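Listed below, chain by chain, are the residues.
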Amino acid sequence: MRLETLLALLPVLGAHGIRIIQSNDDGWAEQYVRSFHNALIASGHDVVLSAPAENKSGSSSLDTEPGPRNTACQYNSCPANSGPIGRNATSPRLNWVNSYPVTSMRYGIDTIGPQFWNGEAPELAVAGPNVGSNLFLAVPFSGTVGAATYAAKNAKIPSIAFSGASDGTLAWNSSPEAQRSKVYAELAATLTNAVIKSGKPYLPEDVFLNVNFPKVEGQCTQASQFKWVLSRINVGLFSSPDTQQCGETRLPTETSVVDTDGCYISISVGDANDKTTAPAEKQAVVLKKLQSLLTCLP
Ligand SMILES: *[C@@H]1O[C@H](CO)[C@@H](O)[C@H](O)[C@H]1NC(C)=O
Ligand SMILES: *[C@@H]1O[C@H](CO)[C@@H](O)[C@H](O)[C@H]1NC(C)=O
């Protein structure tokens, strides 16, 4: 083995590195997903990206076998007339699938990831950061959430969906790397590492986390300025009580969290079966795991 190859493997051999499968719905060559990929590598994880060949935003839980790619991938990131799946020849952990986010996640978990992990499955699945928020009524339509819920529900791999309110398309190689892409990547890696540090099982069964970052602007331009708040996806008018947090048994909605001035990030504990808020007992497990990270709204 060449020295460079050996050195490149070193972070992966660290005590806290785990096998992570990554997807999104904006496409494999979107900058947000690449910045996050690099942040996970920098944290010592063994991460494989398996994401759509082009923007498949809004595809919810659609899943069809990938077909041959007739035109170039987004931003000319793969040549025309490539096969149904393909990879970056020099960075083979970066893979595209010519289909939907769920299909990409499924291929990543079943086929692509295990090629790098001696046939083993991923220990955690992450989706995004999505370009644009996925809050409340948008959640059922989101391909990012679709990919995360597929992992949690169908593959039984704990999963996290990330979305960022700052939008606008950015190619993977547009330079310099956008501040919003760097900040979202750092924040997403922080939460991912906190979940991993909390120990196995990383999340309760059939649970995914729906995480929404507010815009990177004004007072919120550095990762250190952001704060984390436990939230719920839908309005809890007639729902049974939530887990107790910040002196209440009704969590704030994720929309109200990201709309509050002061760089607040919402973390909702989602039910992967129906993409709504998970019951109080499952919220409580997540609350215990993430307690030291969480704060209350003013
Ligand atoms: C493929 O990976 C190389 C680095 O190994 C990078 O320079 C190039 O931009 C990547 N291309 C795509 C489409 O990912
Ligand atoms: C993907 O397409 C949707 C519309 O279908 C658009 O809202 C979104 O901004 C696009 N994403 C990117 C990264 O261009």
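Conventions we followed
Residues numbered from 1 in each chain as written. Chains lettered and ligands numbered in written order. Predicted model: local features only at pLDDT ≥ 70, side-chain atom pairs only at ≥ 80, totals over all residues. Heavy atoms only, no water. Disulfide = S-S within 2.5 Å. Helix = DSSP H or I, 4+ residues; strand = E, 2+ residues; numbered from the N terminus. Near = heavy atom within 4 Å. Polar contact = N/O pair within 3.5 Å; in protein donor to acceptor, adjacent residues only side chain to side chain. Areas by Shrake-Rupley, 256 points an atom, 1.4 Å probe, with all protein chains shown as cover. Nonpolar A, V, L, I, M, F, W, Y, C, P; charged D, E, K, R; others polar. UniProt positions renumbered as here; feature names shortened; annotations may be inferred. Phe/Tyr/Trp six-rings, centres within 6.5 Å; stacked < 30°, edge-to-face > 60°. Buried < 20%, exposed > 50% of the residue type's maximum accessible area, 1.4 Å probe, protein only. Lys NZ or Arg CZ within 6 Å of the ring centre and 35° of its normal. 1 Å grid on protein atoms, 1.4 Å probe; cavity = no way out; pocket = protein on both sides within 12 Å on 5 of 7 lines; lining within 4 Å. Points joined across faces, edges and corners; volume = space filled by probe spheres on them.

**Quick word on the state of the cysteines**
Stage number 1. One pass over the structure, following the stated rule, counts 3 disulfides.
Stage number 2. Each disulfide pairs two cysteine sulfurs, and for Cys 246 the partner residue is Cys 296, the sulfurs being separated by 2.1 Å. Disulfide Cys 246 to Cys 296: torsion about the S-S bond roughly -95°, handedness left-handed. Of this pair, Cys 246 sits in the loop between β8 (227-231) and α6 (254-259) while Cys 296 is found in the segment after α7 (280-290), placing the two residues 50 residues apart along the sequence.
Stage number 3. Each bonded cysteine in the protein gets a number by its place in the sequence, and the pairs come out as 1-2, 3-5, 4-6.

**Comments concerning the site of ligand 1**
Stage number 1. For ligand 1, the full set of nearby residues is Trp 28, Arg 34, Ser 77, Asn 88, Thr 90, Ser 91 and Trp 172.
Stage number 2. Within the side chain of Asn 88, one N or O atom sits 2.4 Å away from an oxygen atom of ligand 1.
Stage number 3. Protein coverage of the free-state accessible area of ligand 1, which is 360 Å², stands at 60%.
Stage number 4. When grouped by side-chain class, the residues that make up the shell around ligand 1 number 2 nonpolar, 4 polar and 1 charged.

**Observations regarding the UniProt feature "domain: Survival protein SurE-like phosphatase/nucleotidase" (unreviewed entry) in the protein**
Stage number 1. Residues annotated in UniProt with the feature "domain: Survival protein SurE-like phosphatase/nucleotidase" (unreviewed entry) correspond here to residues 20-221.
Stage number 2. Across residues 20-221, the secondary structure splits into 29% helix and 19% strand, with the terminal C-alpha atoms separated by 27 Å.

**Quick look at the site of ligand 2**
Stage number 1. Ligand 2 sits among Asp 26, Glu 30, Asn 55, Ser 57, Val 131 and Thr 169.
Stage number 2. In this structure, Asp 26 approaches ligand 2 through a side-chain N or O atom, which is 3.3 Å from a nitrogen atom.
Stage number 3. When isolated, ligand 2 has an accessible area of 360 Å², and the protein chains bury 52% of it.
Stage number 4. Partitioned by chemical class, the residues of the shell around ligand 2 number 1 nonpolar, 3 polar and 2 charged.

**Description of the packing of aromatic side chains**
Stage number 1. For the structure shown, the criterion picks out 5 aromatic pairs.
Stage number 2. Here Tyr 32 and Tyr 184 contribute two aromatic rings whose centre-to-centre distance is 5.4 Å and whose plane-to-plane angle is 80°, an arrangement assigned as edge-to-face. One end of the pair, Tyr 32, is in helix α2 (residues 31-42); the other, Tyr 184, is in helix α5 (residues 179-197), with 152 residues separating them in the sequence.
Stage number 3. The exposure class of Tyr 184 is buried, given its relative accessible area of 0%.
Stage number 4. Measuring from centroid to centroid gives 5.2 Å for Tyr 184 and Phe 213, while their planes differ by 15°, and the two rings are stacked. One end of the pair, Tyr 184, is in helix α5; the other, Phe 213, is in strand β7 (residues 207-213), with 29 residues separating them in the sequence. For the pair formed by Tyr 184 and Phe 213, the shared burial category is buried.
Stage number 5. Between the NZ or CZ atom of Arg 34 and the centre of the ring of Trp 28, over which it lies, the distance is 4.7 Å.
Stage number 6. One residue, Lys 227, lies across the ring of Tyr 264, its end atom 4.7 Å from the ring centre.

**Structural notes on the layout of surface pockets**
Stage number 1. If you add up the space inside the second largest pocket, you get close to 230 Å³.
Stage number 2. Around the second largest pocket, the lining is made up of 18 residues, and of these Pro 214, Lys 215, Val 258, Asp 259 and Thr 260 lie nearest the centre.
Stage number 3. The element that contributes the greatest number of residues to the lining of the second largest pocket is α6, accounting for 3 residues.
Stage number 4. Across the lining of the second largest pocket, the residue classes break down as 8 nonpolar, 6 polar and 4 charged.

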